[in-house]
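As a plain string of letters, each chain reads:
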Amino acid sequence: MKPVLALVGRPNVGKSTLFNRLTKSRDAIVADFAGLTRDRHYGNARFDKHEFIVIDTGGFEPTADNGIYKEMARQTQQAVAEADVVVFVVDARGGISAQDHDIANYLRRLGKPTILVANKAEGMKEGAQLVEFYELGLGEVLPVSASHGQGIRDMMAQALAPLNLADPDEEDAEADNGIIKLAVAGRPNVGKSTLINTWLGEERLVAFDMPGTTRDAISVPFERNGQMFELIDTAGLRRKGKVFEAIEKFSVVKTLQAIESANVVLLLLDATQGVTDQDAHIAGYILESGRAVVVAVNKWDAVDSYQRELLMRSIETRLPFLKFAAMHFISAKKRQGLGPLWGAIAQAHKAAMCKMPTPLLTRLLLEAVQFQSPQRGGMYRPKLRYAHQGGMNPPIIVIHGNSLEHVTETYKRFLEGRFRKAFNLEGTPLRIEMKTSS
Ligand code: GDP
Ligand code: GDP
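As the structure is a computational prediction, the values presented were derived from the model and not from experiment.

Enquirer: Go over the site of ligand 1, please, and point to the residues and values.
Expert: Around ligand 1 there are 15 residues in total, and Gly14, Lys15, Ser16, Thr17 and Lys120 lie nearest to it. If you tally residues by element for the shell around ligand 1, the top one is helix H1 (residues 15-31), at three residues. Residues that form the shell around ligand 1 fall into these classes: three nonpolar, nine polar and three charged.

Enquirer: Outline the sheet that holds strand E18 (residues 431-436), listing residues and values.
Expert: Reading across from one edge, E16-E17-E18 is the order of the three strands in this open sheet, with mixed pairing throughout. If you trace the sheet from one side to the other, it starts and ends with strand E16 (383-391) and E18, each paired once. Within this sheet the neighbouring strands show an average axis-to-axis angle of 25 degrees, counted without direction. Summarising the sheet, E16 and strand E17 (residues 396-402) pair through seven bridges and their orientation is antiparallel. Bridging from a neighbouring strand, Gly391 pairs with Ile396 of E17.

Enquirer: Run through the domain arrangement of the protein, naming residues and quoting values.
Expert: Domain annotation for the protein reports domain 1 (2-166), domain 2 (178-351) and domain 3 (356-434). With 13 residues of domain 2 in contact, the opposing surface of domain 3 contributes nine residues. Counting residues per element, the ones that place at least two in the side of domain 2 that touches domain 3 are strand E14 (292-298) and helix H11 (339-352). Considering every element that reaches the side of domain 2 that touches domain 3, the biggest residue donor is H11, with four residues. Classifying every residue of the side of domain 2 that touches domain 3 gives ten nonpolar, three polar and no charged.

Enquirer: Outline the sheet that holds strand E1 (residues 4-8), supporting the account with residue identities and numerical values.
Expert: Spatial strand order, E2-E3-E1-E4-E5-E6: six strands in an open sheet with mixed pairing. What marks the edges here is a single partner per strand, and that holds for strand E2 (42-47) and strand E6 (141-143). When strand polarity is set aside, the average angle formed by the axes of neighbouring strands in this sheet is 30 degrees. Of the pairings in the sheet, the one linking E1 to strand E3 (residues 50-56) comprises four bridges and is parallel in character. From the neighbouring strand, Ala6 faces E3, where its bridge partner is Ile55. Sitting on the sheet, helix H4 (residues 98-110) is in contact with E1, strand E4 (85-91) and strand E5 (114-119), with an inclination near 165 degrees to E4. Docked against the sheet, helix H5 (residues 152-160) engages E1, E2, E3, E4, E5 and E6, running at close to 165 degrees with respect to E5.

What counts and what doesn't
- Residues numbered from 1 in each chain as written.
- Chains lettered and ligands numbered in written order.
- Predicted model: local features only at pLDDT ≥ 70, side-chain atom pairs only at ≥ 80, totals over all residues.
- Near = placed C-beta within 6 Å.
- Helix = DSSP H or I, 4+ residues; strand = E, 2+ residues; numbered from the N terminus.
- Nonpolar A, V, L, I, M, F, W, Y, C, P; charged D, E, K, R; others polar.
- Pairing = 2+ DSSP bridges.
- Axes fitted to C-alpha atoms, helices over the stretch in contact; angles between N-to-C directions.
- Domains from an automatic or database assignment.
- Contact = placed C-beta atoms within 7 Å.

Spelled out as structure tokens, the structure:
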């Protein structure tokens, strides 16, 4: 599971600026997709080899008179509770306020790894002004400047140190063991528990115990027609004996972690509700994670043809970036349309794990260029020379050449289309990166 880092602090200390700095590299990818609404409060970030989830607890606004617990939005409290490490941000220029004391008291009682950072510290002399923050009783104060990008590396090294993160390169070695890690994602009430219970009641699906998985963890290894699956920690559900039931609290963090640990995500939508903002957010996270996706529109039994028509249109306009995914219309309750999901999941997994040999990729690239060469960008004509595979799940194609920064988005999409067709990539996002050598 990716670790979770929560940014807390009173308003205006620079939390969102810090959030943007930590997450910006990933945002660039998502920004390419029109129609994608983003929940600004959650983002993916990377420090050295480690990927983690950042939460900007923007709603943390205690007031002096009624104390911190009442004012803290439930969501925010939940986010802090779910975080592995808390970064408490204070204002190096503004000094300590009563709110800072309240927050510090709360965090001390929480007993989580917490680091204290004094933001807006650019151009300040080391030491002197920061001494007062030791009063908060949270130990060392790290000076940072979110807007100038200073002290961020030190901050991240300190924040992640207590978590003893494993080297992700070593973990990758066991990644492709033939088991498809599957997560069922969707907002509350779309029918996740109904679907999973229907599945687990199927004769063809054989659940088994896998060493290393605890009984109460919500992770079910199973086999179906010879293919092994692991239904991973499905967000928002609780296991009660043999059946799953939805828990009231919807956790964005758990959803994100489930998505991140999966190879394939089954995104469930509710035909009776259309595509909501929350659906679009979840879809956005899946896209950002690079996981393979199958879309299942549930409760198809409960809508008439007019509603179906509306729904199809709302999917087209609100989730246009999921065009690469197969879409199925199902009824978990009436057990309709469920069979074909398995084929789609297997296809998405195969596509996500696709191996693309360099000679073949390069040949496809050169054929594409011959069919249609990239436009000139000012004085420069991009020269695409060869391509190699830079990763799996999602597949990444790295193109090498000259003046590649002038390759247009349209041209990239043209290339994407050719690669998708050649490798049959239905179900997985595909990333194309340009490595220019001049
Ligand atoms: P939040 O309410 O805690 O999320 O704070 P914001 O990120 O919205 O920042 C509040 C204000 O502080 C904005 O005007 C930012 O431009 C400014 N700010 C953020 N980081 C820095 C910094 O490192 N140095 C300075 N001087 N200003 C900053
Ligand atoms: P979860 O919160 O995503 O786990 O959703 P549940 O599985 O608890 O389902 C929420 C509600 O939708 C329940 O009342 C289910 O009976 C109902 N439901 C689930 N699947 C279907 C379906 O395929 N058709 C219809 N009509 N109702 C369904």
